[in-house]
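# Chains, contacts and geometry: an overview
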Amino acid sequence: MSLIDLFLERRSKLERARYRPGVELLEERQCLSVAAPTGVTLTALAPRQVKLTWNVAAGVTAYRVFHWEATKAVLVNTVAGNVATLTATKLQPNQVHWFQVEALDAFSSARSAWLSIKTPAERITAPINVRVVNIAQTQLKLAWTNATGATGYRIFVWDGTRSQEIGATKPANPAFVVRNLTPGVTYHFHVQAFNSTNSASSPWVSATTSSYGITAPTNVKTTVVGPSTIALSWKD
């Protein structure tokens, strides 16, 4: 062993002899986590709007509202810690919607349980003043006054046992021509207004198609052609 190696070995032994493990005293701190929001309520304001409310808690710096869409939670919006309400918009009418509220502070967050509510169907009224006009032998025309909230109309005829749809039209044209009818027959119709989530039907209306036109013969004449025979003639 060289002198250098001997020196290093002795120094290492001295350092190990002087080493004493120590304990570092850390300041004790109490870290409080934010609590989940309470008193969460949902109110359907309209077919596409839901209002959320909750109880404001001390120490919360912000609230975030989530909406469940298909397979994941989507952030609707974030409000300040002293705000206890938010209205979600652009929702689908006549559907069940799930919401969750999250409370946050500088160090932690906590979420409420999921809550659900069903939005109402879009408002709609039935067509009014449904009437039959322009009656002919094999066709007629239905007309009506536009309904509120309708995006289209379906036309139905009674076939003797059930109501059968025979056509559809848009609000821009609140009328429908029914063709291929039989002359001299009474038909019964009703018009149904509809939108993406709702529908409403008018009362039934009836009309009889015109019979084939016929007039009496004119210029009828009789001519004696024999003791027991008379000939008749006329003009169609």
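First, a word on scope: everything that follows refers to the structure included in this document. Just so it is clear, the structure is predicted and the values come from calculations on it, not from any experiment.

What counts, and at which threshold
- Residues numbered from 1 in each chain as written.
- Predicted model: local features only at pLDDT ≥ 70, side-chain atom pairs only at ≥ 80, totals over all residues.
- Heavy atoms only, no water.
- Helix = DSSP H or I, 4+ residues; strand = E, 2+ residues; numbered from the N terminus.
- Buried < 20%, exposed > 50% of the residue type's maximum accessible area, 1.4 Å probe, protein only.
- Contact = heavy atoms within 4.5 Å.
- Areas by Shrake-Rupley, 256 points an atom, 1.4 Å probe, with all protein chains shown as cover.
- Pairing = 2+ DSSP bridges.
- Axes fitted to C-alpha atoms, helices over the stretch in contact; angles between N-to-C directions.
- Phe/Tyr/Trp six-rings, centres within 6.5 Å; stacked < 30°, edge-to-face > 60°.
- Lys NZ or Arg CZ within 6 Å of the ring centre and 35° of its normal.
- Salt bridge = Lys/Arg side-chain N within 4 Å of Asp/Glu carboxyl O.

## Some words on the overall build of the protein
Scanning the protein from terminus to terminus reveals 1 helix and 18 strands. Across the 236 residues in the protein, those meeting the buried criterion constitute 28%. Long-range contacts, defined here as pairs at least 24 residues apart, represent 56% of the contacts in the protein between residues at least 6 apart. Within the structure as shown, the protein displays about 15,900 Å² of accessible surface, and the carbon and sulfur contribution to it stands at 54%.

## Comments concerning the sheet that holds strand β2 (residues 49–53)
A sheet is described by the order of its strands in space; here 3 strands give the open sequence β1-β2-β5, paired in antiparallel fashion. In this open sheet, the two strands that pair with only one neighbour each are β1 (41–46) and β5 (85–88). Averaged over all pairs of adjacent strands, the angle between their axes in this sheet comes to 25°, without regard to strand direction. Of the pairings in the sheet, the one linking β2 to β5 comprises 4 bridges and is antiparallel in character. Pairing of Leu 52 across the sheet is with Leu 86, part of β5.

## Some words on unusual backbone geometry
The phi torsion at Lys 90 lies on the positive side, around 60°, for a residue other than glycine. Examined against the element boundaries, Lys 90 turns out to sit in the loop between β5 and β6 (96–104). Positive phi, close to 55°, is recorded for Asn 129, a residue that is not glycine.

## A word on the packing of aromatic side chains
Throughout the structure, instances matching the rule amount to 5 aromatic pairs. Ring geometry for Trp 68 against Trp 114: centres 5.6 Å apart, planes inclined by 85°, an arrangement best described as edge-to-face. Of this pair, Trp 68 sits in strand β3 (residues 62–69) while Trp 114 sits in the loop between β7 (109–111) and β8 (115–118), placing them 46 residues apart in sequence. A relative accessible area of 38% means that Trp 68 is categorised as partly exposed. Overall, the relative accessible area of 28% leaves Trp 114 in the partly exposed class. Lying across the ring of Phe 194, Arg 154 places its NZ or CZ 3.9 Å from the centre.

## Observations regarding the sheet that holds strand β10 (residues 140–145)
On the basis of which strands lie adjacent, the open sheet formed by 3 strands has the order β9-β10-β13 and antiparallel pairing. What marks the edges here is a single partner per strand, and that holds for β9 (128–133) and β13 (175–178). On average, adjacent strands in this sheet sit at an angle of 15° to one another, irrespective of strand direction. In this structure, β9 lies alongside β10, joined through 4 bridges in antiparallel fashion. Within the sheet, the bridge partner assigned to Arg 131 lies in β10 and is Ala 143.

## What to know about the pattern of salt bridges
By the definition in use, this model includes 4 salt bridges. Across the pair Arg 48 and Glu 122 runs a salt bridge, and its minimum N-O distance is 3.2 Å. In this pair, Arg 48 sits in the loop between β1 and β2 while Glu 122 sits in the loop between β8 and β9, placing the two residues 74 residues apart along the sequence. For Glu 122, a relative accessible area of 19% puts it in the buried group. Note that Arg 64 is salt-bridged to Glu 102, the shortest N-O span being 2.7 Å. Taken together, the positions of Arg 64 in strand β3 and Glu 102 in strand β6 put the pair 38 residues apart, joining distant regions of the chain.

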